[in-house]
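# Fold and contact review
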Amino acid sequence: MVVGLSATTATAADNVLRSDQDVARSCFEKLLPGGTRGTDRREVTATVTGLVQARLAPRGNGVGDWDVAVFDKATGAVVAASAALRSVELAESFVTKDQQLVVQACRYAGSSRSVQLGVDFLAISSAGTPTGAQRAEIVRVETPTRQHKDRLFALGLDVTEKADATGVEVVLADDADRKVLADSGMKSTVVQADLSARSIANAKADREYAANRQGSVLPSGRTAYRHLYDYDFELKELARRNPSLVKAFTLPNPTWEGRDVVGAEIATNVDNAADGKAVNFTMGVHHAREWPAGEHAMEWAHELVKGYQAGGEVRALVGKTRNLVVPIVNPDGFSISREAEPKGDFTRFDYEMKRKNCNPSDSPEQFRTGVCKANPAGRLRGTDPNRNYAGFWGGAGASPTWSSDTFRGSGPFSEPETRNIRSIVSTRQVTNLITLHTYSNLVLRVPGVADVRPPLDEPAYKALGDKLASRNGYLSQPSWQLYDTTGSTEDWSYFATGGYGFTFEVGPNEFHPPFADGVVAEYAGLAPAAGAGKGGNREAFLDMLRNAADPAAHSTLIGAAPKGYQLQLRKAFQTPTSPVLRPDGSVGDPIYVADVLTSDLTTTGGRFSWAVNPSTRPYVAGRYGRDPQGPPQAAIALANPAGIPAENTNFPADSTGEVIPFRVDGLPAADNGKMTVTVDWGTDATDWDLYIFDAAGNLVSSSASGGTRTEKAVLFDPPAGDYTAVMVNYEQADPATPDDWSNLKVEFASPLPTTYGPKEPYTLTCKDKRGRLVGLADVYVDRGQTVDVGDVCTRSARATKERAPADR
């Protein structure tokens, strides 16, 4: 990775760019002739081989939107560009020494007639850069037990979301990663032997696909992956061309590198955000290298606009809802990954595989130098945004170590990217949320941690996830069934607000596969996608929108208020994180995170209807379960067969072990909510592993801790039938006098019934046109319930409270 960097600043007689006219056009589409209205330009020569950075900053008090693009003067090819909604722009890419460049600034909109330009060149020293021997690959690591998964996460490797009961796919970026895995003793098989070569082949396929087509079946007709500037420009063009339907917006927190994060709202009468409609939120690219995530979100925005214009069901659904789309949550990381360009240069490929954002502050001082695209830590600089939310933050499935690709950050919501999403979810009554990722063909729901029981909404939540998965052909399951994950988006958003949230892991096996496969086929439901013939992600997104438009899927407040009065719902609370795992392996106390939820409704006079989430947040509402229909089965003691099998460190590839059958009863004889299989032996230095298989040979539970004298395998709601316990002799302290196991037993417990927690209210206030408080009440509302709050604006500030519903 890069080990040295120096900077020079281009000088010009005048670094203030001016235009008396604004013209809505693309600044990066082509290099325009000097003097073209709405533009100004400067010519510069690259002083180094390395990076060029062209920044715009606003001047004076004018409000404006200026964009910037850097072109190669000789060819007219765009080198870098930036097209966000204000005049805060950063265009950055690679250049060579003495390359002649033209920096073109374009006044897109607004009253500001001038903008400040800064151009820097940063030399990159390649001394010590890894050679071609530093091959990146994807391997599947065998993790037949949860303990194996915990061991894998503790290694600090780049773990993907492709996982199942017996294995997890991992990116090995270089020889150092390969050594870490080899030294761990964990077994693996190669899935993709050379990621860089694969990336080069994919880029070639993308060029051929785009060259041979005038368009695609996507709503936008797109045929190639977008750059960050494409996303930002398309969002503001959608808004400019559809002013009553689309509003582009800038989220409140700039990134670590100073970029704006841009989104769009799509709704009828779009400027009246406080109209009480259900809010459907779709976002992409928390993880920089997951390019299809942004593409699907952007195509969904085009889908809503085109569908509304065409009439029919989509028009009706858009009319009933408000739709928020943020295609690129992590623009710093995405820009770095997207602009790295697959050219076989490992330095660039390392950045193409970047997952995290660009926060330098948590790394050691020697790794904080340089810009994110060229820094001593390479892709490892930064925090994983999807481990930084407050939901169960600090626990398993996220790393406390800065150099891990799953580094959780210094604290919950330490990153501007997650604070941006928090700002939307906390203020907009988001009833439905999809966060897009790659890869593994999954529709994931809460909880992300196995020990957190399902929420009360589990039956309806699962049914919705299953419906979405029926469209894209993915597997619908709770996130913990992959592996424990803490700090993820929906584990915060759902448990704090009650709005349904899902993660889509788009595509089967690559972070950014060929565009035709990862975007066109997956979105439209075409071969080779799993959703071929089923509607694909387009139809899954529509199902989510249908759910948002259904009052039975959320809650509704109705009442009456004078025209122009302002209603607000508010609640404030604290929620603990997980016990916080420290870098040394010790565990500290949970952190209590304060949240404030507020949402507004501007009344139009007379009756109103307001789509909201339930007033009691799922974290305290209770947990889903079932009542026992009979007693649990009596415990079973399993006999130890004669002899001790040979040591086996490669199970299940090597099946050597002792096989002990047993049977699990079902109704009416027994109702088993939990099955626990335990075993013990004499010394810590000996290690036996325990695996449980069903009659079909499926591994259904296991325990392989190491360093203990016992193992415990657990299975919830075990189906009746025949099972097999397999005892594997992993290691003996003294093979000459082996330590055999004993006390192998199967115990059963009744299912846990549904539990209910305390009810929580919203505080509902009403302010008149002068901002005076004229009404106040506590309001309780459950999912699917409509509550009439009456004329809350006629109540005094000491109004009586609405009575909480009786406990169930």
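Quick note: structure is the one above.
Every chain begins its residue count from 1, and numbering advances along the sequence as written. Totals for whole chains, interfaces and linings use all residues, but because this is a predicted model, local features are given only for residues with pLDDT of at least 70 and pairs of side-chain atoms are given and counted only at 80 or more. Based on all heavy atoms of the structure, the side-chain values leave hydrogens and waters out of the count.

All right, on to the side chain of E415 then. As for its position among the elements, E415 is in the loop between α8 (346-352) and α9 (416-425). The buried label goes to any residue with under 20% of its type's maximum accessible area, the exposed label to any with over 50%, and the partly exposed label to all in between, with areas taken from a 1.4 Å probe on protein chains only. This count recognises Lys and Arg as positive and Asp and Glu as negative, with His and chain-terminal groups excluded. For salt bridges, the criterion is a side-chain nitrogen of Lys or Arg within 4 Å of an Asp or Glu carboxyl oxygen. Buried charge without a partner: E415 forms no salt bridge, and the closest opposite charge is R419, 6.3 Å away. Strands here mean DSSP runs of E at least two residues long; helices mean DSSP runs of H or I at least four residues long; both are numbered from the N terminus.

Within the structure shown, the criterion is met by 58 salt bridges. One salt bridge in this structure joins R178 and D175, with 2.8 Å as the shortest N-O distance. Placement of both R178 and D175 in helix α2 (residues 175-184) is noted, with a separation of 3 residues, approximately one turn of the helix. Across the pair R471 and D543 runs a salt bridge, and its minimum N-O distance is 2.6 Å. In this pair, R471 is assigned in helix α10 (residues 458-472) and D543 in helix α13 (residues 536-548), connecting sequence segments 72 residues apart.

With that settled, the discussion passes to the nonpolar core. Within the largest apolar cluster, 59 residues are counted, with the highest numbers of intra-cluster contacts made by V246, I266, W300, L436, F502 and F504. Broken down by element, this core gets its largest block of residues, 9 residues, from helix α5 (residues 291-310). Aside from chain neighbours lying at most four places away, what touches W300 is N280, T282, V325, Y523, R538, F541, L542 and L545. Definition of nonpolar core: a set of buried residues of the types Ala, Val, Leu, Ile, Met, Phe, Trp, Tyr and Cys, connected through side-chain atoms within 4.5 Å. Whether two residues are in contact is decided by their heavy atoms, any of which lying within 4.5 Å being enough.

That bond from A527 to P528 is cis: its omega, 10°, falls within 30 degrees of zero. On the secondary structure map, P528 appears in the loop between α12 (515-524) and α13. In this model, F651 is joined to P652 through a cis peptide bond whose omega is 10°. Note on placement: P652 falls in the loop between β29 (636-638) and β30 (658-664). Of note in this structure, F413 is not a glycine but carries a positive phi near 60°. You can see F413 is positioned in the loop between α8 and α9.

Right, let's talk about the pairing of strand β11 (residues 158-163) for a bit. Summarising burial for β11: 5 of the 6 residues are buried, a large majority. Should DSSP find at least two bridges between two strands, the strands are taken to pair. The hairpin formed by β11 and strand β12 (residues 167-172) contains 3 residues between the paired strands.

With that settled, consider helix α11 (residues 489-497). Note on helix geometry: an α-helix contains 3.6 residues per turn, so any two residues three or four positions apart are oriented the same way. Here α11 lies mainly inside the structure; 9 of its 9 residues are buried. T489, E490, D491, W492, S493, Y494, F495, A496 and T497 are the residues of α11 that are buried.

Here we come to the state of the cysteines. Cysteine sulfur atoms are paired as a disulfide whenever they come within 2.5 Å of each other. A complete count under the given rule lists 3 disulfides for this structure. Paired by a disulfide, C27 and C106 hold their sulfur atoms 2.1 Å apart. Across the S-S bond linking C27 and C106, the dihedral sits near 75°, which makes this disulfide right-handed. In this pair, C27 is assigned in the loop between β2 (16-18) and β3 (39-45) and C106 in strand β8 (residues 100-110), connecting sequence segments 79 residues apart. Like C106, C27 is buried. In this model, C766 is linked to C793 through a disulfide, with the two sulfur atoms separated by 1.9 Å. Between C766 and C793 the sulfur-sulfur dihedral comes to about 90°; the bridge is accordingly right-handed. You can see C766 sitting in strand β38 (residues 762-767) and its partner C793 sitting in the segment after β40 (786-788), a full 27 residues away along the chain. Overall, the relative accessible area of 0% leaves C766 in the buried class.

Here the expected length of a helix is defined as 1.5 Å per residue gap, with one fewer gap than residues. Compared with the 21 Å implied by 1.5 Å per residue over 15 residues, the 21 Å span of α10 between its first and last C-alpha is a close match. For α10, the complete set of buried residues consists of E458, Y461, L464, G465, L468, A469 and N472. Buried residues of α10, seen end-on, are gathered within an arc of 135° and therefore sit on one face of the element. For α10, the secondary structure elements touched by its buried residues are β19 (442-445), β20 (475-478), α11, β21 (500-505) and α13. Immediately beyond the C-terminal end of α10, within one or two residues, lies G473, with a positive phi of roughly 75°. To be clear, the arc concerns the directions from the helix axis to the C-beta atoms.

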